[in-house]
Amino acid sequence: MTNALLTDTITALADPTRRAVFEAVFRAPAAVGDLAKDLPVSRPAVSQHLKVLSDAGLVTAHAEGTRRIYSIRREGLTELRDWLDGFWDDVLAGFAEEIKKQEEGDSDHD
Amino acid sequence: MTKPIIKTLDVNCSPEKAFEVFVTRIGTWWPLAGHSSSAGDGKAALDVMIEPRVGGAFFETRHDGATDMWGEVLEYSPGEKFASTWHPGNNKDHPTRLDVAFEAAGEGGCRVTLTHSGWEAWADRAEEMRGNYNGGWDIVFGENYAGAVA
C-alpha cells in the first residue's frame, strides 16, 4: 500500500459520518438513495462521502439498470489491516537490521 | 475466531544465530523508544530481556527502572523455536501467545516466522485488541487523529 493511498484511506475513515456511510455499505451493498434514507445525511452528502471512500479504495460501484450500487472493496480493508499490524513489522525490522549488522562483521560496529 | 497475526522474515544467517540474536540479545535491537510500556510515558525503555528457560520471564526495564512483565517463556529450543505468553502493560488476565520459529532456508539463510495468536483471551474485545496492535484503531480513528486530518 502506498503512503498516499494509506493516508487517503485513514482520512476517509476518520470522519464519523463518512464512517457511518462506509459501515452501512459494509452491512449490505446499496444505492445512494437507500443510504440517504437510513442515515441522517442528505443525498448529495452521501454521494460526496461515497466519492471519497471510492477514491480511497474502500468502496466500489457497479451499475444495475439505471442505479449505481455501492459495495465495499475487500482489498482496501486488507491493505489497511496489513498496515495496522505494523507493530510486529517494526519489531522485525529492528531484528533484521541487527542481523545485517552482525553479518557485516565487527568492523562496522561502533 | 480472530485470526493470528503472522509475519515472516528471511535473514542471511543460520537459525542458531537468528535465535541467539532474537532471544538472548533482544535488548540490543528491540525498538525500545517506540514499542515498550515506557514509550507510553514518552521515554525509551532501558532494556528488554528474556530469561533463557521455560518458565522464564520476558520483561521490560522501564525508563524509571521498574519492571513491566511482558510474558512467560513457554518454549525454549535454541535454533528452532521460542514461544511465550504475551501480555505487556498490565494485561496479565488476557495473555495472548507469541510463537517465533526459526527454519533453515536457502543457502545459509533462515526464515523467521512470528505468530501472534490467542486473541480469544480478549473475548468480545478480540478484534479491537488485535486491531490495536500498535498504530491501532484508537490512533487511526481517535479524536486526536480525526482532529489532525480534519
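Everything below is about the structure printed above this text.
Residues numbered from 1 in each chain as written. Chains lettered and ligands numbered in written order. Predicted model: local features only at pLDDT ≥ 70, side-chain atom pairs only at ≥ 80, totals over all residues.

Caption draft 1: Structural context of the overall build of chain A. Each helix and strand counted, chain A has six helices and three strands in total. For chain A, the sequential pattern of α-helices and β-strands runs α-α-β-α-α-β-β-α-α. Counting the 110 residues in chain A, one finds 22% classified as buried. Across chain A, every contact between residues at least 6 apart in sequence was considered, and the portion connecting residues at least 24 apart equals 50%. (Helix = DSSP H or I, 4+ residues; strand = E, 2+ residues; numbered from the N terminus. Buried ≥ 20, exposed ≤ 12 C-beta atoms within 10 Å, placed from the backbone. Contact = placed C-beta atoms within 7 Å.)

Caption draft 2: Quick peek at helix H4 (residues 43–55) of chain A. Residue and element names in this part refer to chain A. The first and last C-alpha atoms of H4 sit 18 Å apart over 13 residues, in line with the 18 Å expected at 1.5 Å per residue. Three or more residues of H4 are buried, namely Val46, His49, Leu50 and Leu53. For H4, the arc enclosing every buried residue in end-on projection is 100°, short of the 170-degree limit, so these residues lie on one face. Across from the buried face of H4, at angles greater than 90 degrees, the exposed residues are Pro44 and Lys51. Once H4 ends, the next one or two residues include Gly57, with phi positive near 80°. (Expected span 1.5 Å × (residues − 1). Arc of directions from axis to C-beta.)

Caption draft 3: Region of the structure containing the environment of Ala101 of chain B. Residue and element names in this part refer to chain B. By the secondary structure assignment, Ala101 is in strand E6 (residues 96–105). On the basis of neighbour counts, which here come to 18 C-beta atoms within 10 Å, the residue Ala101 falls in the partly exposed class. Counting along the chain gives ten residues from Ala101 to Arg111, while the straight-line C-alpha distance between them is 8.0 Å. Residues within four places of Ala101 in sequence aside, it is in contact with Lys81 and Thr113.

Caption draft 4: Local environment of the pairing of E6 of chain B. All names here are of chain B. Both strand E5 (residues 81–86) and E6 contribute to a ladder of six bridges, which runs antiparallel. Residue pairing for E6: Ala83 is matched across the bridge by Asp99. Bridge count for E6 against strand E7 (residues 109–117) is nine bridges, and the pairing is antiparallel. Considered in E7, the bridge of Asp99 is made with Thr115. Taking the residues that link successive antiparallel strands as the turn, the E6-E7 hairpin has three residues, and the phi of Gly106 there is positive, at about 65°. (Pairing = 2+ DSSP bridges.)

Caption draft 5: The sheet that holds strand E1 (residues 30–31) of chain A, seen in detail. Residue and element names in this part refer to chain A. The three strands lie next to each other as E1-E3-E2, forming an open sheet whose pairing is antiparallel. Here the strands that pair on one side only, and so sit at the sheet edges, are E1 and strand E2 (59–64). For E2 and strand E3 (residues 67–72), the ladder comprises six bridges, and the chain directions are antiparallel. Paired with Ala63 across the two strands is Arg68, which belongs to E3. Running over the sheet, helix H2 (residues 16–27) touches E1, E2 and E3 and is turned about 95° from E3. Seen against the sheet, H4 touches E2 and E3 and runs at an angle of roughly 115° to E2. (Axes fitted to C-alpha atoms, helices over the stretch in contact; angles between N-to-C directions.)

Caption draft 6: Focus on the packing of H2 of chain A against H4 of chain A. All names here are of chain A. Running from N to C, H2 and H4 point in directions that differ by 80°, and their axes come no closer than 10 Å. Taken together, H2 and H4 sit at an angle that is classed as roughly perpendicular. Here H2 contributes Thr17, Arg18, Val21 and Phe22 to the contact with H4, which in turn contributes Val46, His49, Leu50, Val52 and Leu53. By residue class, the composition of the contact of H2 with H4 is six nonpolar, two polar and one charged. (Parallel < 35°, antiparallel > 145°, perpendicular 65-115°, else oblique. Nonpolar A, V, L, I, M, F, W, Y, C, P; charged D, E, K, R; others polar.)

Caption draft 7: Spatial organisation of the sheet that holds E5 of chain B. All names here are of chain B. Taken in spatial order, the seven strands of this open sheet run E1-E7-E6-E5-E4-E3-E2, and their pairing is antiparallel. Of all the strands in the sheet, the pair left with one neighbour each is strand E1 (5–11) and strand E2 (47–50). Each strand axis lies, on average, 20° off the axis of its neighbour in the sheet, ignoring direction. Relative to E5, strand E4 (residues 67–77) runs antiparallel, the two sharing four bridges.

Caption draft 8: Region of interest: the nonpolar core. Ranked by size, the top nonpolar core spans 25 residues in total, and within it Phe95 of chain A together with Ala18, Phe19, Phe22, Val100 and Val112 of chain B carry the most contacts. Of all the elements in the fold, those that place two or more residues in this core are helix H6 (86–103) of chain A together with helix H1 (15–24), E2, E5, E6 and E7 of chain B. Sequence-distant contacts of Phe95 of chain A, defined by excluding residues within four places in its chain, comprise Val21, Phe22 and Trp29 of chain B. (Core = buried A, V, L, I, M, F, W, Y, C linked by C-beta atoms within 7 Å.)

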